[in-house]
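Analysis of the macromolecular model
Listed below, chain by chain, are the residues.
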Amino acid sequence: MSTIHLHRTTTLSPEQYIAGLTDFGPGRSKFFGNSAEEYLKVHHLGPLQADVTEGSGSIWERLRYKLV
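Residues numbered from 1 in each chain as written. Predicted model: local features only at pLDDT ≥ 70, side-chain atom pairs only at ≥ 80, totals over all residues. Heavy atoms only, no water.

**A short note on the pattern of salt bridges**
Put simply, the rule is: The rule for a salt bridge is simple: a side-chain nitrogen of Lys or Arg has to be within 4 Å of a carboxyl oxygen of Asp or Glu. Secondary structure elements follow DSSP: runs of H or I of four or more residues count as helices, runs of E of two or more count as strands, with numbering from the N terminus. Remark: exposure states derive from per-residue accessible area (1.4 Å probe, protein chains only) relative to the maximum for the residue type, with buried under 20%, exposed over 50%, and partly exposed in between.
Applying the stated criterion to the full structure yields two salt bridges. The shortest N-O distance in the salt bridge between R28 and E54 comes to 3.0 Å. Of the two residues, R28 sits in helix α2 (residues 28-31) while E54 sits in strand β2 (residues 49-56), which places them 26 residues apart along the sequence. The partner of D51 in a salt bridge is R62, and the shortest N-O contact between them spans 2.7 Å. Of the two residues, D51 sits in strand β2 while R62 sits in strand β3 (residues 59-66), which places them 11 residues apart along the sequence. The exposure class of D51 is buried, given its relative accessible area of 11%.

Here is the structure:
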């Protein structure tokens, strides 16, 4: 399994940033343009992890998010 670390400069507070990352409900595509509503499927959502299928067009992926 690969681990990807992302770095981004933003004006959001840490709380706002985490809230956007962990919101797997309607409107996720506003934050992540490559995550179309019709491809979003939450398989498991826990307090510190999520198992999600998302994507757009003919490209989708199943991801496991984990807050550390």
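**Brief notes about the packing of aromatic side chains**
Where we set the bar: Two rings from Phe, Tyr or Trp (for Trp, the six-membered ring) form a pair when their centres are within 6.5 Å of each other. A pair whose planes differ by under 30 degrees is stacked, one over 60 is edge-to-face, and the rest are tilted.
A complete count under the given rule lists one aromatic pair for this structure. A centroid spacing of 5.2 Å and a plane angle of 50° characterise the contact between F24 and Y65, whose relative ring orientation is tilted. Linking F24 in the loop between α1 (14-21) and α2 with Y65 in strand β3, this pair joins segments that are 41 residues apart in sequence.

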